[in-house]
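Topology and contacts: notes
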Amino acid sequence: PLLERVKFIAIVSSNLDEFHQVRVAGLLEQAENGVTKSGPDGLTPRQQLDTTRERVTDLNNNIDRLFNTEIIPALASEGIRIVTYADLGQEDRSALERVFEESIFPVLTPLAVDPSHPFPFISDLSLNLAVLLYDPIVNARRFARVKIPPNVPRLIQLSDGQRFVPIEQIVNHHLGRLFGGLDIVDASTFRVTRSADLAVEEEEADDLLQAIESVLRYRQRAAQAVRLEVEAGTSEDVLELLLQGLELTRDEAYTRHAPLGLAGLWSVYGLDRPELKDPVTRPTTQPRLAERSGKPIDWFAELRKGDILVHYPYESFATSMGAFLAQAAADPDVLAIKQTLYRTSIPDDPAIGGEEAIVRT
């Protein structure tokens, strides 16, 4: 179904981000440190990077082609459109003007780059505008970077609920508000991926929590850039300036013909159009855990009979582990609940909030 294809592009894009943050970042570090030993595949880190670039380029091209030539027309045929700011009428522009004034403009901070202002730190996976300016007073060109606010949706939904405008186009339209007295020569969208490869030596850390916090602070402000994405049509001058400022080579730069950051397509998938999605799967309850005579089972009594195997996601987490934790939390004989959580995807899951959350729910 159409919106499932949209969702899959978002998933692939997000996974590709993580691949560069961890796997490519690790290979770059090895290559820069002079590691030449071949891995199990017989390739050195540099050779793996070269092969990775070929595969990623092919994947990017495939995503962009499918998005532009198949997904966009198919969405339009269903009344769902990702439109450009230039195509909007006055009513829509007035509505976006209010969005800009209330949610975007207050958090925009343009940063100049010149001999007195070094190249700014570009945060991981942030969406940015590279702006070329002309200063008529001194007859000189200038360069500035504008970060797109991360707390605003990637695609701004219009009042009809079926049309979306990329946020960078809204910011681009209002650049004159940010650079009074300067002429806007050009503006290009770009995106940076930085290393997220954590390296914490538990045995050597006196305080593990403190060590992890230190690594996270490093990631936020000093992690190495590993990938630059620019939109098609970005000028050579801007590309060179970005590569120099980020200390990257051409091999780490990718030109995209679809909007950058397609993980933002989740907002399109979120439309209430069930006919364009897979049917919702309703998980069942494992037979041994089903209520009996309208009453919940006694978990501890059931476990004494033998282990219980639950198949997720086909069988319900709520009526298995969720119910087990709830009973344990309410049982006066239970002194503590200890658990290891890995990549849980339910933000309001009471299991994450601990014993009190379980009792409250």
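So, here's what we can say about the structure. Residue positions are counted from 1 within each chain, in the order its sequence is given. Under the rules for a predicted model, residues below a pLDDT of 70 receive no local features and side-chain atom pairs below 80 are neither given nor counted, while totals for whole chains, interfaces and linings still include all residues. Note: side-chain values were computed over all heavy atoms of the structure, leaving out hydrogens and water.

**A word on the packing of helix 1 (residues 2-32) against helix 2 (residues 45-77)**
Only C-alpha atoms enter the line fits that serve as axes; for helices the fit covers just the stretch in contact. Angles between N-to-C directions range over 0 to 180 degrees. Put simply, DSSP marks the helices as runs of H or I at least four residues long and the strands as runs of E at least two long, and each gets a number from the N terminus on. Running from N to C, helix 1 and helix 2 cross one another at 165 degrees; their axes reach a closest spacing of 11 Å. Regarding the angle of helix 1 to helix 2, the classification is roughly antiparallel. At the point where helix 1 passes helix 2, the crossing takes the left-handed sense. Three residue categories are used. Nonpolar comprises Ala, Val, Leu, Ile, Met, Phe, Trp, Tyr, Cys and Pro, charged comprises Asp, Glu, Lys and Arg, and polar comprises the others, including Gly. Classifying every residue of the contact of helix 1 with helix 2 gives 21 nonpolar, 5 polar and 4 charged. Any angle that falls under 35 degrees is termed roughly parallel, while one over 145 is termed roughly antiparallel, one within 65 to 115 roughly perpendicular, and all others oblique. Take the far helix as the reference: if the near one is turned anticlockwise from it by less than a right angle, the crossing is left-handed, and if turned clockwise, right-handed.

**Topic: the pattern of salt bridges**
Salt bridges are defined as contacts in which a side-chain nitrogen from Lys or Arg sits within 4 Å of a carboxyl oxygen from Asp or Glu. Going through the model one piece at a time under the given rule, you end up with 22 salt bridges. One salt bridge in this structure joins Glu97 and Arg177, with 3.8 Å as the shortest N-O distance. With Glu97 in helix 3 (residues 90-104) and Arg177 in helix 5 (residues 175-178), the pair connects residues that are 80 residues apart, well separated along the chain. Three labels apply to residues, based on accessible area from a 1.4 Å probe with only protein chains included: buried if under 20% of the type maximum, exposed if over 50%, partly exposed otherwise in between. Residue classification places Glu97 among the partly exposed residues on the basis of a relative accessible area of 29%. Its relative accessible area of 40% is what places Arg177 among the partly exposed residues. The partner of Glu236 in a salt bridge is Arg250, and the shortest N-O contact between them spans 2.5 Å. Placement of Glu236 in helix 7 (residues 236-246) and of Arg250 in the loop between helix 7 and strand 9 (253-256) is noted, with a sequence separation of 14 residues between them. By relative accessible area, Glu236 is classed as partly exposed at 47%. The network of salt bridges with shared partners includes Asp17, Asp64, Arg191, Arg227, Glu229 and Arg256.

**Some words on the nonpolar core**
Residues belong to one nonpolar core when they are buried, are Ala, Val, Leu, Ile, Met, Phe, Trp, Tyr or Cys, and are joined through side-chain atoms within 4.5 Å. Val146, Val171 and Leu175 are the most contacted members of the largest nonpolar core, which totals 26 residues. Only helix 3, strand 3 (127-135), strand 4 (140-147), helix 4 (167-173) and helix 5 provide two or more residues apiece to this core. Examining the composition of this core, we find that 4 residues originate from one element, strand 3, more than from any other. Any two residues having at least one pair of non-hydrogen atoms within 4.5 Å are treated as being in contact. Non-local contacts of Val171, meaning those with residues more than four positions away in its chain, are made with Phe100, Ile104, Leu108, Leu129, Val146 and Ile148. Judged by nonpolar contacts, the second largest core, of 20 residues, contains Val12, Ile71, Tyr269 and Leu276.

**Quick word on the packing of aromatic side chains**
In this analysis, rings of Phe, Tyr and Trp, with Trp reduced to its six-membered ring, are considered paired at centre separations within 6.5 Å, and the interplanar angle assigns stacked below 30 degrees, edge-to-face beyond 60, and tilted for intermediate values. Tallying each qualifying case throughout the model produces 5 aromatic pairs. Judged by centre distance (4.8 Å) and plane angle (40 degrees), the rings of Trp299 and Phe324 are tilted. Linking Trp299 in helix 9 (residues 299-304) with Phe324 in helix 10 (residues 318-330), this pair joins segments that are 25 residues apart in sequence. Members of the aromatic cluster, joined through ring pairs, are Trp299, Phe300 and Phe324. Charge-over-ring placement is defined geometrically: NZ (Lys) or CZ (Arg) within 6 Å of the ring centre, and within 35 degrees of the ring normal. The cationic tip of Arg53 hangs over the ring face of Tyr254; the distance from NZ or CZ to the ring centre is 4.7 Å. Between Lys277 and the ring centre of Tyr269, over which it is positioned, the NZ or CZ distance is 4.4 Å.

**What about the side chain of Asp92?**
Looking at where Asp92 falls in the secondary structure, it is placed in helix 3. Exposure remark for Asp92: the relative accessible area of 12% places this residue in the buried category.

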